[in-house]
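# Architecture and fold: a report
Now for the letters of each chain:
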Amino acid sequence: MSQIENVHTKARELLESQAVDCVIGFGKGTTGGSRPLFVYGPEGVEDLIFDETCAHNLAKYLLNRKGKTTAVVLKACDARAVNLLLSEHQIERDKVYMIGVVCPGIKENGEPRDTCLRCGQRTPVSYDYLAGEPEEATVDAELQYKGVAEMEAMSMAERKAFWEAQFDRCIRCYACRQVCPGCYCDECFVERLDPLWVGIRIAPSENEMWNAMRAFHLTGRCIGCDQCERVCPVGIPLSLLNRKLEKEVYETFGYEAGMDPEAAPPFATYKKEESLGFGE
Amino acid sequence: MGVEFEPRIVGFLCNWCSYAGADMAGTSRISYPPNLRVIRVPCSGRVDPILIVKSFQMGADGVLVAGCHPGDCHYAEGNYYARRRFAMLRPFLEYLGIEGDRFRVEWVSASEGRKFSEVVSSFTNQLTELGPRATGAAV
Amino acid sequence: MVNEVLSPYREAVDAVIEAGGEALRQCYQCGLCTGTCPWNYLKKFSSRSLIHQAQLGTADFESEETWTCVTCRACVARCPREVAIIDIMKALRSIIAEMGAGYMPESLRVTLKNIAGAGNPLGEPAENRHQWAGDRKYPEQSELLYVPCCVSAYDPVARRIAQATAAVLDQVGVPFGVANEPERCCGESVRKAGNESLFAALAQHNIETFSRQGAGRLLTSSPHCYHTFLNEYPDLGGRFDVLHYTQYLAGLLREGKLKFGKELNIKVTYHDPCYLGRHNGVYDDPRELLRGIPGIELVEMDDYGPDSICCGGGGGRIWQENVKGERLSDLRLDQALATGADVLAVACPYCLLNFEDGVLTTSASIQVKDITELVREAL
Amino acid sequence: MARIGVFICHCGTNIAGTVDIPTVVEAAQNMPMVVYAVDSKYNCSEPGQAAIRDAILENRLNRVVVAACSPWMHEKTFRKAVASAGLNPYLAEMANIREHNSWVHNDKQAATDKAIEIIKMAVAKVSRHEELFPKALPITKRALVVGGGIAGIQTALDIANAGHPVVLAEREPSIGGRMSQLDKTFPTLDCSSCILTPKMVDVMQHPNIKLMTYTELEQVEGFVGNFKVTLRQKARKVDHAKCTACGLCWQKCPEKVDSEFDLNLGKRTAIYIPFPQAVPPRPVIDTANCRYQKYLDFTAEGREGKAPPKCGICEKICPVGAIDWEETDELITEEFGAIVAATGYKPFEPGGYTELGKGKFADVITGLELERMMSPAGPFNGEVKRPSNGEHPKEVVFITCVGSRDKQRGRTYCSKVCCMYIAKHAIMLKSHDPEVNCYVFNMDVRTVSKDYEEFYEQAQLSGATYIRGKVSKIRQEGDQLIVRGEDTLLGEIIEVPADMVVLAVGMEHSEGAAELAQKLHISYDVNGFFVEAHPKLRPVETRSDGIFLAGACLGPRDIPETVSQGSGAAAKVCGLLSQDFLTTDPLVSVIDKVKCAGCLLCQDICPFSAIDSETLRDGRTVSVVNESICKGCGLCVAACRFGAANLHGFTQEQLLAEVLALWE
Amino acid sequence: MSKFISRKDLLSWLEGVSSEKDLVAPVQVEGRLLFRRTGDVSEIVLDYTNTDLSPREFFFPATETLFTVDKSNGRAELEPTRVERDTVIFGMRPCDAKGMAALALPYLQDPADSLFAQHRERTAIVGLSCLKACPECFCTSMGTGPDDAANVDILLTEAADGYMVEVMTDKGKALMPDSLLSEAKADKPAPAQVPLVPAEGISARLREAFDDIYWSRLADRCLHCNVCSYVCPTCYCFDIRDYSEKGGAVRVRTWESCQSPGFTKAAGGHNPRADKGTRLRQRFAHKLLYYPEEFGTSHCTGCGRCVKACPVNIDIREIIGDVQKLGKAN
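Conventions we followed
Residues numbered from 1 in each chain as written. Chains lettered and ligands numbered in written order. Predicted model: local features only at pLDDT ≥ 70, side-chain atom pairs only at ≥ 80, totals over all residues. Heavy atoms only, no water. Helix = DSSP H or I, 4+ residues; strand = E, 2+ residues; numbered from the N terminus. Rg over C-alpha atoms; globule rule 2.2 N^0.38 Å. Buried < 20%, exposed > 50% of the residue type's maximum accessible area, 1.4 Å probe, protein only. Contact = heavy atoms within 4.5 Å. Areas by Shrake-Rupley, 256 points an atom, 1.4 Å probe, with all protein chains shown as cover. Axes fitted to C-alpha atoms, helices over the stretch in contact; angles between N-to-C directions. Parallel < 35°, antiparallel > 145°, perpendicular 65-115°, else oblique. Left-handed = near helix turned anticlockwise from the far one by under 90°. Nonpolar A, V, L, I, M, F, W, Y, C, P; charged D, E, K, R; others polar. Buried area = accessible area lost by both parts, 1.4 Å probe. Salt bridge = Lys/Arg side-chain N within 4 Å of Asp/Glu carboxyl O. Polar contact = N/O pair within 3.5 Å; in protein donor to acceptor, adjacent residues only side chain to side chain. Core = buried A, V, L, I, M, F, W, Y, C linked by side-chain atoms within 4.5 Å. Pairing = 2+ DSSP bridges. Right-handed = clockwise from strand over helix to strand, strands pointing away. Domains from an automatic or database assignment. Arc of directions from axis to C-beta. Disulfide = S-S within 2.5 Å.

## What about the overall build of chain A?
- From N to C terminus, chain A includes 10 helices and seven strands.
- Relative to the compact-globule value of 19 Å for 280 residues, chain A shows a C-alpha radius of gyration of 20 Å, a close match.
- Its C-alpha atoms give chain A principal-axis dimensions of roughly 60 × 45 × 40 Å.
- Classification of the 280 residues of chain A by burial places 61% in the buried group.
- In chain A, the proportion of contacts linking residues at least 24 apart, taken out of those at least 6 apart, comes to 67%.
- Of the roughly 10800 Å² of accessible surface on chain A, 49% is carried by carbon and sulfur atoms.

## Some words on the packing of helix α1 (residues 10-21) of chain C against helix α5 (residues 85-99) of chain C
Residue and element names in this part refer to chain C.
- Where α1 contacts α5, the two axes come as close as 8 Å, and the packing angle between them is 115 degrees. The orientation of α1 relative to α5 falls into the category roughly perpendicular. Where α1 crosses over α5, the handedness of that crossing is right-handed. Together, A15, V16, A19, G20 and G21 of α1 and D87, I88, A91, L92, S94 and I95 of α5 make up the contact between the two elements.
- Residue composition of the contact of α1 with α5, by class: seven nonpolar, three polar and one charged.

## Comments concerning the interface of chain D and chain B
- Across the boundary between the two partners, chain D contributes 42 residues, which contact 45 residues of chain B.
- Between chain D and chain B lies a buried interface of about 3700 Å² when both sides are counted; carbon and sulfur atoms form 62% of it.
- Of all residues in chain D, W72, H100 and W663 of chain D bury the most surface against chain B, accounting for 19% of the area lost on that side.
- The interface formed by chain D and chain B holds three salt bridges in total.
- Across the pair R8 of chain B and E117 of chain D runs a salt bridge, and its minimum N-O distance is 2.9 Å.
- Of all the elements in the fold, those that place two or more residues in the side of chain D that touches chain B are α3 (71-84), α4 (98-102), α5 (108-126), α16 (601-605), α17 (635-639), β34 (645-647) and α18 (652-661) of chain D.
- Sorting elements by how many residues they give to the side of chain D that touches chain B places α18 of chain D first, with six residues.

## Section: the side chain of K192 of chain C
All names here are of chain C.
- Summarising the element assignment, K192 is placed in helix α9 (residues 188-192).
- Side chain to side chain, K192 and Y275 meet in a polar contact 3.2 Å long.
- Beyond its immediate stretch of four places on either side in the chain, K192 contacts T71, I86, K90, R93, H227, E232, Y275 and G315.

## As for the nonpolar core
- If you look at the biggest cluster of nonpolar residues, it comprises 250 residues, and the most contacted ones within it are F189 and L241 of chain A, F12, I52, F86 and F103 of chain B together with I316 of chain E.
- Top element by residues in this core is helix α3 (residues 78-96) of chain B. It accounts for 11 residues.
- Those residues in contact with I316 of chain E that sit more than four places away from it in its chain are F138, F284, L288, C300, C306 and V307 of chain E.
- Counting residues in each nonpolar core, the second largest holds 94 residues, with A133, L290, L333 and V359 of chain C among its members.

## Considering the sheet that holds strand β6 (residues 296-299) of chain C
All names here are of chain C.
- Across the sheet, which stays open at both edges, the four strands sit in the order β6-β5-β7-β8 with parallel pairing between neighbours. Of all the strands in the sheet, the pair left with one neighbour each is β6 and β8 (367-370). Averaged over all adjacent pairs, the angle separating strand axes in this sheet is 35 degrees, with direction ignored.
- Two strands pair when backbone bridges link them, and strand β5 (residues 266-270) and strand β7 (residues 343-346) are joined in this way by three bridges, in the parallel orientation.

## Observations concerning the pairing of strand β4 (residues 96-100) of chain A
All names here are of chain A.
- In terms of burial, β4 is a largely internal element, five of the five residues being buried.
- Where burial is concerned, the two faces of β4 agree: the one with V96, M98 and G100 and the one with Y97 and I99 are both buried.
- Pairing of strand β3 (residues 70-74) with β4, which is carried by five bridges, proceeds in the parallel orientation. The residue of β4 that forms the bridge with V72 is M98.
- Note on the crossover from β3 through helix α2 (residues 76-87) to β4: the handedness is right-handed.
- In this sheet, strand β7 (residues 129-130) lies alongside β4 in parallel orientation, the contact comprising two bridges. Opposite I99, over in β7, you have Y129 as the bridge partner.

## As for the domain arrangement of chain E
Residues and elements named next belong to chain E.
- By the assigned domains, chain E splits into domain 1 (3-183) and domain 2 (202-329).
- Contacts between the two partners involve 40 residues from domain 1, matched on the other side by 38 residues from domain 2.
- Counting each side, the surface lost to burial between domain 1 and domain 2 is near 3300 Å², with a carbon and sulfur contribution of 58%.
- Seen at the junction of domain 1 and domain 2, the total is four salt bridges.
- Across the pair D113 and R253 runs a salt bridge, and its minimum N-O distance is 2.7 Å.
- Seen at the junction of domain 1 and domain 2, the total is 21 residue pairs in polar contact (both at pLDDT 80 or more).
- Taken together, the elements giving at least two residues each to the side of domain 1 that touches domain 2 come down to β4 (63-70) and α2 (94-108).
- Per-element tally for the side of domain 1 that touches domain 2: the top contributor is α2, with 10 residues.
- Its residues assigned to classes, the side of domain 1 that touches domain 2 shows 22 nonpolar, nine polar and nine charged.

## Focus: the interface of chain E and chain A
- Counting residues at the interface gives 36 residues for chain E and 32 residues for chain A.
- Carbon and sulfur atoms supply 57% of the area buried between chain E and chain A, which totals about 3000 Å² over both sides.
- Joining chain E to chain A, the criterion identifies one salt bridge.
- As a salt-bridge pair, R35 of chain A and E318 of chain E come within 2.7 Å of each other at their nearest N and O atoms.
- For the pair chain E and chain A, the number of links is 16 residue pairs in polar contact (both at pLDDT 80 or more).
- Those elements that provide at least two residues to the side of chain E that touches chain A are β3 (32-37), α6 (214-221), α7 (227-231), β11 (238-245), β12 (248-255) and α10 (316-329) of chain E.
- Per-class residue counts for the side of chain E that touches chain A are 17 nonpolar, five polar and 14 charged.

## Points about helix α14 (residues 513-520) of chain D
All names here are of chain D.
- The set of residues buried in α14 consists of A513, L516, A517 and L520. Relative to the axis of α14, the buried residues are bounded by an arc of 100 degrees and lie together on one face.
- Tucked into the core, α14 has its buried residues touching β11 (215-223), β18 (338-341), β28 (507-509) and β29 (547-549).
- Following α14 by one or two positions, H521 has its phi on the positive side, about 60 degrees.

## Thoughts on the arrangement of the chains
- The interface with the most contacts, out of six pairs of chains in contact, is the one formed by chains B and D.
- Chain A makes no contact with chain C; the smallest distance between any of their C-alpha atoms is 21 Å.
- Kept free of each other, chain C and chain E leave a smallest C-alpha distance of 44 Å between them.

## Observations regarding the pattern of salt bridges
- Taken as a whole and assessed by the stated rule, the structure comprises 108 salt bridges over all chains.
- Across the salt bridge formed by D242 of chain E and R251 of chain E, the nearest N and O atoms sit 2.7 Å from each other.
- Look at D242 of chain E and you get partly exposed, because its relative accessible area is 48%.
- One continuous salt-bridge network, built from bridges that share partners, spans E152, K244, K247, E248 and E251 of chain A.

## Remarks on the state of the cysteines
- This structure, assessed with the given rule, holds two disulfides over all chains.
- The residue that forms a disulfide with C17 of chain B is C68 of chain B, at a sulfur-sulfur distance of 2.3 Å. Measuring the twist about the S-S bond at about 100 degrees, one finds the C17 of chain B-C68 of chain B disulfide to be right-handed. With C17 of chain B in helix α1 (residues 15-27) and C68 of chain B in the loop between β3 (62-67) and α3, this pair connects stretches of sequence that are 51 residues apart.
- Across the disulfide from C191 of chain D sits C194 of chain D; the S-S distance is 2.3 Å. Taking the sign of the S-S torsion, about 85 degrees here, the bridge from C191 of chain D to C194 of chain D comes out right-handed.
- Not engaged in a disulfide, the cysteine C419 of chain D finds its nearest cysteine sulfur in C401 of chain D; these two sulfurs lie 6.2 Å apart.
- Assessed through its relative accessible area of 15%, C419 of chain D is described here as buried.

Spelled out as structure tokens, the structure:
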């Protein structure tokens, strides 16, 4: 059976047995691609699709379904998001049924996403059921931090100018935040009135503060799905921020978010003897 | 230019070691440049990175966080957590276009009045050399 | 007669510290180093007193004692204050070597002159460096570079080692090159004799040579070269993957690439070279290699592994004369004979020379062989 | 609306000498929300404080900034002054314009400008101050002492004598600890058990002490005044309520095993009391060695082959039917107001010193082994014999600093007691057998307490020869050991033939010290010893309130020091338990339940485990700060992305206000 | 016959405009096509379907200081912001021009927003009719069309080597005098063919479907970002705050969106549109029901930007279709 047929069978089984109230998967969109699809009964199961247009990270939707039983179709990066949410106690493991799919690598406008070119995972790290045959991609190590390395090679002034130009376009629509599985504050720091960390202006200084702190809040938490970059209506290369921090986290602490829900994230622990370059 | 550049430095000092160390510099009358503005915090682990980023956004030329030496934290482990956060923040600031040298983390004990004054002096000199932050700087 | 009164001499203390002997401050004079030092089985040599004199600045630079230490590291490994005793010895020597004041054994002086001039301790012409290989020409450009050590390149006895090693490598079929004419002494004993500037020059020269030859990995016969390339060249910019041949061959053995064809049927005891064992913690690879040779029964001496006794060749002692009865090699030979072994296996050209001498002068009934020779025999 | 008063201190010329006070006053008057600003010669003086009080009342001030010295100096003073005007004391803030300004700058203009900014920051901060109130919490008037050695015994007795109930928990079957293994004690040569046993009996009989032996600490929850501790009573297989300690069982038990108490020099039975004076004098069954237990295990697991003998002699012989094979470990939860850890030490294991040959040569023994030999109640009935051949040794060599002052073994510290116990051993050996010659290889002889130097002299007078130098090698020649080392005073190698060599092993942290520290949330140092709150001024306290320390769990100690510490810890406990309520500092964290997303990161990082989870009615799980435990470090605030955690006195709003004030 | 301007003349005309006024035109910025102030005519993109963001920011800026308070003289003086320069927006599509008109209705309703009025007054719109529709367009169903000249000052239509010109207003005439134009030699090219959406009677249907579960199911997918509102030419919601800064104070107005959770949150914490379904419904009801009821015209211009930008493909065309069915079903 093909992967999507397996998804159909599993989704039908889960809904019929009322093991879950809802299956979140991908359906056909109106503009040639796919979109998230919520299936509440066995009759809707056939509408589920999975192909290389299925770019969304559906783990985000689990945050709206706390306390309810949900099955969700997960690519490798999405499964890491589920692990992140599990490790942060945002969802309960026994309320989530993880239908893993083997990801062919997502394409946008027929071209593979940069994110997917960098990703060595085709098979999710965690799942309750795997609909496809496990496989791994081999990735050119140089791609891992492509872009980040180029940024690092720039001069301070060039980097500053680069980000000024990028953040200048930001319209603070918060799509990056809304789509991010790691962003789930009841009230985002950027919208707080007291303390007023960031004013309401949609202007360079505020935009920069917003983008910088949002990225920093994801230190050691970004699972690399790059949804933020995908949805940005003005094309700010947001993954360059997150990937820089993930690079630092990985090189310093050997940690990758969402790979193991049991591992202590970098800011939740420390080593007395570690030397991090501050005066010791 | 004429007027010499005087960097503005925001300093977060942990109450138990570094704030007391700064007091010690005072009681010992060890002078240092007047560029630092001190914000007392209970522990270097209390310093939310957003306060540092905010200081830079407002226009600080440098930010200093000083706490107890690792192992000597009044709260046993606060500075260990702080160290990790700042270890990530510093390269990130550099990446955004803020020289890493503008963000300093130092361990100053309550008895190290001299060290405190040296830290402030050398930081002030370093920032003077770096010059003012270009306007419209990131964050 | 006026009694001479000692008083502390601060400048001399500073000179020792300046020369790298700062560790002397840590010493609390327990004497464990002296008791541990193998010399004291043969003659009186109190390293503790020497350190104490250095602490007070009253060290006698005219004394032979400055040159006694074989840098075998037995004392350092036990010192409860972790005093870097070898560094102190080195510092004392370097004051003499660099300033030219004080006593230095004549033979050592000559050797250093040879090294400075000809690039090797024997004072042989550089172009003869490759003579050990006979007509065989080894490539100069290679990722894996075999560095035979001046002694095994020039010394008529120790040449066996270089020949056997090259033969083994050939037979296994590993592509390798040989550090040739431009290579000079690694500088280990030069540094231990206190001549830092000559060491730096040698190291710089060799690093350039190896780099020019495209070397990524260096394969050494001598643990002294091994130690120097591994631990001291990186500070001068020479970063190579360094292997003693016993490590390399043991690796090949594990991978199944080194296969033996003959059984030797002998009883062997193994002498740990100080610079392989205590200095660098390599105890298992040589033994694994020996046990891997068919028909070898490996027996241990009374003192082995970390407790092994020096052959007497370290710290520049190999270039100095030892009067009979004051040879550490003889002490060690006795231990070897006591095991009833047929062969005393070594893994260092200095050890080989010292024990060969010992066998000659005492007519001890034991053969001395480098491990690489045994490997070659069993192929 | 905040009505802020600013009080600027001249501090004589300390501030006024460098800072232009009138300029500062004028600037302060123009700061936002400042309705009153004035200077004073000395704010901290009685008239100065009165002026603050009066100004608050006259100008209806509701916030106060005192621009003067460091808060370390006078924060409390001015809080009191503010409170005396009826204002909440936490509505005052200090601006440090002396230590951080006038004392460190010479340029008057710069110092004046800086003073103004410092005050501006304080004004901005104080405008965000809130009223804070300390809380009072009841105290459980009961103490737990962990460890039944001499430290724990002394602590328990002193607390109990002060009238507070105590539970003394000991993991071995008997209390007594290391001291009970000793023969005599230096420098008085008292018989160890003669002075210890009465105290052990006192513990058993004390109405305020509940003794729980064979018991380990499982879990600690709660906080000062209100600890909830789970203890594991290990299965003894003997009903101690029924047992009369008649001794029949341990006399008849056929299974003999090495006695831990006698360091394997003697034997005990599988049902046993560790030593004759054990308290409580009730046996336990060592299930690992008991024949019947092995039989039970064999049948229970249904293994094949020959079954072990079905022994059960103890059960058959017990006149009161106290043997209970069904008994299992039991978890007991009790509440305490204070906990004392007195878990002692273990002797250093000298096997790593290959040159000394412990384990290789039978006649190389440790000091504690010698104690057991010399003890009249010990395995050799007080006779010192060479383990190799049972003869009395005539030449005995002692070696000091085995496992002490040795970086190579990771033991850098001095164990304090070895020099003295060697002196004791030398004296005792001579008194056991006048023909004995003792040699002591040593580095230094440390005799730092009362009567110790005299005791050392006594050892020398008894004939012990002290050789300065460390032993480098022991080898066997014939039936003797040759001890070799440098005599550093002679500068010669010396070899001493010996019948027996005694290693003066040092003290190490006890087994499981790190695990215990983690359960108690206290720190331990690189050597595994517990860390006191302050090495000089708070030697028996920890940084966790309500948890105290005594004895060798803190580091090497002799008996007098250990006992003093036991009494000291007891005094601290009594001081705590004598209060009816605990007053908490209000400068603690608080977590906004609405904003908290329940990621629980704060719980992972709180150094005091002061944050618990709470499930709300809407099903969300959030973090809640236990204000009694919180020490106000604010780690949770910096870690909380949600902006849910905040720290009274150092709120996000306050710190941000200080930053912003610089750019107002 | 229509007027004509050659491409070359148009560019030199633009050159002239940019030297006197602020010229705003479509420009390529890091892979996006955006209206930007430009002084460099060569960077203006002429061949495009539509920009990624609408031109509304030139009438209703993302952030605008309404006035500043100056306290330097010891008393507070209010200093309103004034629009100082004339702007010419070049290359606006008819749908966006209709959008700007739609934006004006609420803002210029009495009492008029003076800043908006100034922007409006000082801005001239040079429209460009569409010869090619983008896949998301549906302007003809929303009361405008690819060559609708109603809301521009000048409308250009691309023809061979130049543009057909229709000058619609006096402002247009002043900007592009007849002297620059020649008579067109050919007919105006046919406008783009735009797909239709069944929008007939949608207001009534929406009212009927007000309480349908449809909205909350749709909200399952919605991420509640502000993208749709911020790319929309007609969304005009804003937020206003006062800030004290450097001794003074400013009142700032910025874009806001009915999609953000705090938008309708009242003091005291009550939020009439606390759940995502009602917020989502609000957007479509406002576009297709409330605004048309108040101003008599659609609030959606069919530009298709929200369809294109929505990260989860919430498609107003599909919703119109769905609601038509829902309404009927009830």
